[in-house]
Amino acid sequence: MREILTAEKRIQNITSVIIASKDIDLDIFDLTAPEKDFIKTSLSKKASSITINKYSHWLFFQFAEEKSSGYAINEAYRNSAFKLHKMLSREKITELQVIDVAEDKLHTKAFIEGLCLSDYQFIKYFSNKAERNFEITKITLISSRISQTEADEINTLTYAVCSARDLINEPASFLTSTQLSKDFERMAQEAGFEAEVFDKAKIESLQMGGILAVNKGSVEPPTFTVMTWKPANAVNKKPYVLVGKGVVYDSGGLSLKPTPDSMDYMKCDMAGAAAVASTMYALAKNNVPVYVIALTPSTDNRLDAHSYSPGDVITMYGGTTVEVLNTDAEGRLILADALEFAKQFEPELTITIATLTGAAHRAIGELGMAGMGNADSVTFEMLEKAGWEVYERIARLPFWDEYAEMIKSDIADLKNIGGDVAGAITAGKFLEHFTSGPFIHLDIAGPSFSKKGRSYHGKGGSGVGVRLLYNFLKNQSSK
Ligand code: BES
Ligand code: MG
Ligand code: ZN
């Protein structure tokens with residue numbers, strides 16, 4: 001992993017990024033008179049990024065962009081870090097210094113975060129990996145107000161996001177449910193939280209009918225991973241429970257998805273599971289004093305003669321019966337078993353995070369996630385605020401009682417699809433049926449994966465949800 005080291009003295013003759021405010025004292029830098037003039041004229045033209053080529057190294061001045069909110073200013077810094085990273089990669093500059101003379105230290109922290117998140121590649125499957133590899137190895141941070149602990153926190157959190165991306169980008173030809181659980185166990189070991197994996201026999205003995213039904217058409221066994229982070233100094237007695245969808249590949253099953261376009265990238269259907277495990281990793285690594293349990297039901301959704309079929313009635317963990325009318329609405333079935341399992345913990349709050357519906361994707365696109373639930377407005381506002389802080393924004397959808405009418409079956413307790421409309425919400429209502437206590441559901445079908453790439457979120461898996469959940473839980477621990 002790269003180093004981020006705080007230091008007091010600036011290093012001479014090294015590529016430097018100066019996170020600056022408008023009233024910066026240019027005399028403290030080793031600049032010629034024409035260079036100073038150039039910076040001043042650029043500033044008067046409202047430039048926010050100014051580059052000086054010193055031949056042996058570069059100086060990049062990053063000024064705050066004028067934006068509508070402090071959150072948007074921080075986000076502009078993350079995006080400018082992405083632009084700078086392209087340049088570093090082109091010039092093969094692997095070491096640099098960041099000088100914090102910004103108006104607000106959050107600007108500098110956002111910039112470093114954006115830089116670390118931009119410094120990600122998934123090159124495992126290229127035969128010429130070595131040639132393609134570019135990584136920043138060392139960032140020296142010159143700041144009188146950002147501590148080494150804060151720098152470490154950015155480093156571990158962004159590392160956790162990149163671990164989630166690795167898992168999302170892995171095709172199901174490698175990343176089976178068994179492999180996913182192994183990776184979670186490895187992450188638990190590395191960071192110091194608990195992980196227990198239920199295998200197929202255990203899932204059968206618990207009669208988790210949702211997971212087993214989805215798994216019927218598969219040659220790979222399902223898994224169910226229970227992760228626990230319970231530090232002695234936790235501020236809460238009852239745990240926050242995070243539940244992440246771990247469908248390692250979603251073909252749709254007998255209700256087969258059309259291809260191209262809708263099936264090609266369905267290796268990303270475990271992005272919710274990756275997000276919660278990586279959140280646990282960051283919480284444990286950074287010793288955040290909050291008690292959290294994460295649950296990840298996992299299987300692939302395939303078709304063969306054994307597959308569950310439209311028309312089947314299945315019995316879920318806990319006894320609820322469900323009429324399956326579309327085998328492509330599989331996520332809610334495996335999450336339901338996990339939510340029922342979560343009840344024993346009497347959660348302070350339950351949060352599901354899942355690539356659950358195309359409807360959420362169509363409604364919001366890649367720019368944010370759909371959020372809904374029955375938690376009180378204070379809790380919702382705290383989650384939304386955490387979303388603004390890390391710019392993983394939540395678009396709130398209604399969650400009125402009447403939507404639950406749309407998933408009533410004629411022959412069983414529930415059916416697994418609603419009507420033609422409000423597909424993201426009826427999926428959420430289905431999940432709510434299996435919960436007790438306050439509940440929030442986040443549908444990340446839009447932002448979890450980007451075919452084209454989106455700034456520092458990268459191409460492919462974005463790792464969305466990790467910074468949101470980490471930040472929300474950390475804020476809970478200090479409220
Ligand atoms: N995994 C998909 C949802 C999805 C769509 C994820 C786009 C990422 C990007 C989910 O299992 C699914 O197939 N949902 C169906 C539900 C429908 C059959 C009620 C959908 O949204 O079409
Ligand atoms: Mg599906
Ligand atoms: Zn799915």
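Everything quoted here is computed from the prediction, not taken from an experiment. (Residues numbered from 1 in each chain as written. Chains lettered and ligands numbered in written order. Predicted model: local features only at pLDDT ≥ 70, side-chain atom pairs only at ≥ 80, totals over all residues. Heavy atoms only, no water.)

A.B. asks: Sorry, what's going on with the overall build of the chain here?
C.D. replies: A tally of helices and strands in the chain yields 14 helices and 20 strands. Relative to its length of 479 residues, the chain is compact, with a C-alpha radius of gyration of 24 Å against a globular reference of 23 Å. Here the C-alpha coordinates of the chain stretch approximately 80 × 50 × 40 Å along the principal axes. In the chain, which comprises 479 residues, the share counted as buried stands at 58%. Relative to all contacts within the chain whose residues are 6 or more apart in sequence, the contacts with residues 24 or more apart total 78%. Working note: accessible area of the chain is about 20,000 Å², and carbon and sulfur atoms make up 50% of it. (Helix = DSSP H or I, 4+ residues; strand = E, 2+ residues; numbered from the N terminus. Rg over C-alpha atoms; globule rule 2.2 N^0.38 Å. Buried < 20%, exposed > 50% of the residue type's maximum accessible area, 1.4 Å probe, protein only. Contact = heavy atoms within 4.5 Å. Areas by Shrake-Rupley, 256 points an atom, 1.4 Å probe, with all protein chains shown as cover.)

A.B. asks: How do you make sense of the coordination of the zinc ion (ligand 3) when you look at a structure like this?
C.D. replies: Where a metal carries four tetrahedral donors, each ideal angle is 109.5 degrees; where it carries six octahedral donors, the ideal angles are 90 or 180 degrees. In this structure, Lys-245 (NZ), Asp-250 (OD), Asp-269 (OD) and Glu-330 (OE) serve as the protein donors to the zinc ion (ligand 3), at separations of 2.0 to 2.4 Å. Angles of 77 to 174° at the metal separate the 6 donor atoms of the zinc ion (ligand 3), which places the site in the octahedral class. Binding-site remark: the zinc ion (ligand 3) is held by donors from one chain whose sequence spacing is K-x4-D-x18-D-x60-E. The class for Lys-245 is buried, based on a relative accessible area of 1%. A residue is classified by how much of its surface remains accessible, and Asp-269, at 1% relative accessible area, is buried. (Donors = N, O, S within 2.8 Å, 3.2 Å for Na, K, Ca; no water. Tetrahedral: all angles 85-135°; square planar, octahedral: opposite > 155°, others 65-115°.)

By themselves, these figures tell us nothing about what the structure is for.
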